[in-house]
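A look at the structure
Residue strings, one per chain:
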Amino acid sequence: MKDWRQRRGVLLAGGILIAISLALLPFALAQVGTSWVRITNYAILYVLLALGLNIVVGFAGLLDLGYIAFYAVGAYTYALLASPHFNLHLPFWIILPIGAAIAAFFGLLLGAPTLKLRGDYLAIVTLGFGEIVRIFLNNLSRPVNITNGPQGIARIDPFHIDGVNFAQPETIAGLQFSGPIKYYYLLVLVMLAVIVVNLRLQNSRIGRAWEAIREDEIAARAMGIDTRNMKLLAFAMGASFGGIAGGIFSAIQAFISPESFVLVESIMVVSMVVLGGMGNVGGVILGAILLSFTPELLRWTVDPAQQALFGRSLIEPEVIRMLLFGLALVLIMLFRPAGLLPSAVRKRELTGHA
Amino acid sequence: MDTFLQQVINGLTAGSVYAVVALGYTMVYGIIQLINFAHGEVVMIGAMVAFTVINALAPTGLPPLVIVLAGTACAIPICMLVGYGMERLAYRPLRQAPRLAPLITAIGVSIILQHVALLVWSRNILAFPQIIPSHSYVIGGAAITTVQIAILAICFGMMAALAILVYRTPLGTAMRATAQNPQVAGLMGVDVNRVIAATFIIGAALGAVAGVLFGTYYGIAQYTMGSVLGLKAFSAAVLGGIGNIPGAMLGGVLLGIVEALGAGYIGDLTNLCAYETLAERISDCQGGGNFVLFGSNYQDVFAFIVLILVLVFRPSGLLGERVGERA
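Each chain carries its own residue numbering, running from 1 in the direction its sequence is written. Chains and ligands are labelled sequentially in the order written, the chains with letters from A and the ligands with numbers from 1. The model is predicted, so local features are restricted to residues of pLDDT at least 70 and side-chain atom pairs to those at 80 or more, both for listing and for counting; the totals for chains, interfaces and linings are taken over all residues.

Some remarks on the overall build of chain B
Labels follow the DSSP assignment, with helices taken as runs of H or I lasting at least four residues and strands as runs of E lasting at least two, numbered in each case from the N terminus. Helix and strand counts for chain B come out as 12 helices and four strands. Within these notes, the globule rule equals 2.2 Å times the number of residues to the 0.38 power, and the radius of gyration is based on C-alpha atoms. For chain B, the C-alpha radius of gyration of 21 Å lies close to 20 Å, the compact-globule estimate for 327 residues. Labels follow a simple rule on C-beta atoms placed from the backbone: if 20 or more others lie within 10 Å of a residue's own, it is buried; if 12 or fewer, it is exposed; otherwise it is partly exposed. When burial is assessed residue by residue, chain B has 47% of its 327 residues classed as buried. Relative to all contacts within chain B whose residues are 6 or more apart in sequence, the contacts with residues 24 or more apart total 76%. We call two residues in contact if the C-beta atoms placed from their backbones are at most 7 Å apart.

Structure follows, in structure tokens:
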């Protein structure tokens, strides 16, 4: 009992500490440079995507290599309903649920025909699905202009609530709240909500059903789990998270084009999930933050290092950045094959007790 | 009829190259159940090396055939080395690891190879010197060029050679045994590590030749060409049933033909003005206009739609039997 109380105290203190640091972080970053707030925002978007994909890959064990398609669906839903393109300007709290619902529908669309597929067959079909969505976005500008093709959609509305516009800077109580900082707080709130949903799902009836399907689908069915509905649910739920993230992305960027939703992005999100430790919410968050910050950190360090060593840039910084990034993927996997923070299930398997 | 035959010939040529690349995927998958995402980059490196050699030898006035053969002869060992290197460094240490770990290293290797190629050969699209004189022969209203004939002959020749290697030689027997059960194969005296390395090397050699063929056929090479080609070839391997060698050949050829026919006909089929009842209602159709729903820019969609349809009805591919247990 005492132990439990102590633990609760520690958890509470830790929670407060994290809350304070999350609240202060953007101001600290803004001191270094506004671009870092923006980079952090994109990192949080990747966290949202990775957590959404974690439901499909980590919990239910369905390898999805076309996850970025749902992000695209969410982003385009927002862009079409809140931009001069169709001259629609709906408020975001209406569009985001619509985007999530449409993305979930696309998730079902992908899930339904692929229920019988397993492992790598599923991987290639999801990959193909992602490409199909991208090709359609690229070409649905003729004969009727829906997506504006490769040019993309510009001048997308930012979020606004009651006259508070998220794109405008504002001073509240002497503090300068720039646009990116406002989005940062919104993103943190969404992220916390998604984390809570993820954690609650993991130990729910549904989460355990997914775990059973992941470990052995036939045994799961024998135990009375409706594997068909559970798999569809995983696809739909993962997709809806992607859709929400896409909507926010659209509003932050104010411009989207099919370029943002290429296969490499899907692969990036899968890498985040696997590298962090699939199925483990903390690991997935770590993976997403690490992989989205590493290229940026390299961007800031590689070129100065080259200048200092050789007096000039020998190799394009972008190229070195990608080389080091590829190398990091290989090395991390070689030394931590189960991910940086392996999931509890895998630990349980290794130690042999619950 | 002419367009049909022409598209079949074009599709067959592209498809046979897909098939050779697909063999690289399927052999590796069959033996260690790994999607070698970096295989497309091996093909790219083959094309790039051949480009350098051909470009350097073109002004010497040697016979074109000798130049292309020299290019291929340089590309093959380099690709073999790349294939062996990545198996040794990135995949072998992870053989007992969770299934998705080598997938991530494969992605890492692919990024590394792409950017090394960028460093060596720049970002530009490289144009192969046009040294091979191309004659066209007309068969039944469709044209086939000497290059196409050569590509078909080389691809089918290599497929036949591979089939003999896998089904008629001791190494092939060892490969099939390892694919069935590596532990037991090891107990029977098969050096499993050597067999797996050999598989990677053979796949890379096939990839190198495919890269040269692809480069000379389309006349261009770029450091990003591996990903698209790899994607198509991987789809072809899955279409035929991944891990299955005849399946990869069938899948590649089929995919090439479907793609070519799709690109050739979709524009006409979805031109709503061609249907009288609709044409009256669409203003664009007045005066011989067109209202094309899907143009040939949807070419890439075909490969994937066919893939999905086939897998819906045959979840383990056209010729595949074994199904992986989980992701």
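What about the overall build of chain A?
Helix and strand counts for chain A stand at 13 helices and six strands. For 354 residues, the compact-globule estimate of 2.2 N^0.38 gives 20 Å, and the C-alpha radius of gyration of chain A, at 21 Å, lies within 12% of that figure. For the C-alpha atoms alone, the extent of chain A along its principal axes is close to 55 × 55 × 50 Å. A sequence separation of at least 24 residues applies to 74% of the contacts in chain A between residues at least 6 apart.

A few points about the interface of chain B and chain A
Often the size quoted for an interface is simply the accessible area lost on bringing the parts together. Contact residues are listed per partner, giving 42 residues for chain B and 40 residues for chain A. At 11 residues, helix α4 (residues 101-121) of chain B tops the list of elements feeding residues into the side of chain B that touches chain A. A per-class count over the side of chain B that touches chain A returns 31 nonpolar, seven polar and four charged. Ten residues, namely Ala, Val, Leu, Ile, Met, Phe, Trp, Tyr, Cys and Pro, are considered nonpolar, four, namely Asp, Glu, Lys and Arg, are considered charged, and the remaining ones, Gly among them, are considered polar.

Focus on the confidence of the model for chain B
All names here are of chain B. The predicted model of chain B averages 87 in pLDDT, with 93% of residues at 70 or higher. Considering only residues more than four positions removed or in separate chains, one finds that residues 323-327, a stretch of pLDDT under 50, has 20 contacts. Overall fold confidence (pTM) sits at 0.85, and the ipTM for the predicted complex is 0.84. Here pLDDT means the predictor's own confidence in every residue, given as a number from 0 to 100.

Overview of the nonpolar core
If you look at the biggest cluster of nonpolar residues, it comprises 208 residues, and the most contacted ones within it are A:A50, A:V269 and B:A19. Excluding its chain neighbours within four sequence positions, the residues that come into contact with A:A50 are A:V269, A:M272, A:V273, A:V284, A:G287 and A:A288. Only buried residues count toward a nonpolar core: Ala, Val, Leu, Ile, Met, Phe, Trp, Tyr and Cys, linked into one set through C-beta atoms within 7 Å.

Here we look at unusual backbone geometry
Residues and elements named next belong to chain A. Not every positive phi belongs to a glycine, and N148 is a case in point at roughly 65 degrees. Within the element layout of this structure, N148 appears in the loop between α5 (119-139) and β3 (160-161). N148 gets classed as buried once you count the C-beta atoms within 10 Å, which come to 20.

What about the pairing of strand β2 (residues 136-139) of chain B?
Residues and elements named next belong to chain B. At least two bridges found by DSSP between two strands are what make those strands a pair. Looking at chain direction, β2 and strand β3 (residues 142-145) are connected through four bridges and run antiparallel. Bridge pairing in β3 links V138 to A143. Here β2 folds back onto β3 in antiparallel fashion, the turn holding two residues, of which G140 has a positive phi close to 50 degrees.

Looking at helix α12 (residues 299-313) of chain B
Working rule for helices: expected span equals 1.5 Å times residues minus one. With 15 residues, α12(B) ought to run about 21 Å at 1.5 Å a step, and its terminal C-alpha atoms sit 22 Å apart, in line with that. For α12(B), the elements touching its buried residues are α5 of chain A together with α9 (225-240) and α10 (245-269) of chain B.

Describing the packing of helix α3 (residues 64-91) of chain B against helix α8 (residues 192-218) of chain B
Helices that pack against each other are described as a pair by the angle of their axes relative to one another and the distance between those axes. All names here are of chain B. Remark: α3 packs on α8, axes separated minimally by 7 Å, with the N-to-C direction vectors making an angle of 140 degrees. For α3 against α8, the interelement crossing comes out right-handed. Residues of the contact of α3 with α8, tallied by class, amount to 16 nonpolar, seven polar and one charged. Axis definition: a line fit to C-alpha positions, over the contact stretch in the case of helices; interaxial angles, taken between N-to-C directions, run 0 to 180 degrees. Note: crossing handedness is left-handed where the near helix turns anticlockwise from the far helix by less than a right angle, and right-handed where it turns clockwise.

So, the environment of B:M225
All names here are of chain B. Inspection of the secondary structure assignment puts M225 in helix α9. On the basis of neighbour counts, which here come to 24 C-beta atoms within 10 Å, the residue M225 falls in the buried class. Along the backbone, M225 and L119 are 106 residues apart, and their C-alpha atoms lie at a distance of 15 Å. If sequence neighbours within four positions are ignored, M225 has contacts with M44 and A47.

Some remarks on the packing of helix α5 (residues 146-168) of chain B against α8(B)
All names here are of chain B. Two elements in contact, α5 and α8, have axes separated by 11 Å at closest approach and are oriented at 170 degrees. Judged by the angle between their axes, α5 and α8 are roughly antiparallel. Note on element contacts: α8 touches α5 through L206, V209, L213, T216 and Y217, opposite V147, I151, I154 and M158. Grouping the amino acids of the contact of α5 with α8 by side-chain chemistry returns eight nonpolar, one polar and no charged. The scheme is simple: roughly parallel for angles under 35 degrees, roughly antiparallel for over 145, roughly perpendicular for 65 to 115, oblique for anything else.

Comments concerning the environment of A:A100
Residue and element names in this part refer to chain A. Its place among the elements puts A100 in helix α4 (residues 92-111). Residue classification places A100 among the buried residues on the basis of 25 C-beta atoms within 10 Å. The sequence separation of A100 and G246 amounts to 146 residues, and the corresponding C-alpha distance is 9.0 Å. With sequence-adjacent residues up to four places away left out, A100 is seen in contact with G74, S240, G243 and I244.

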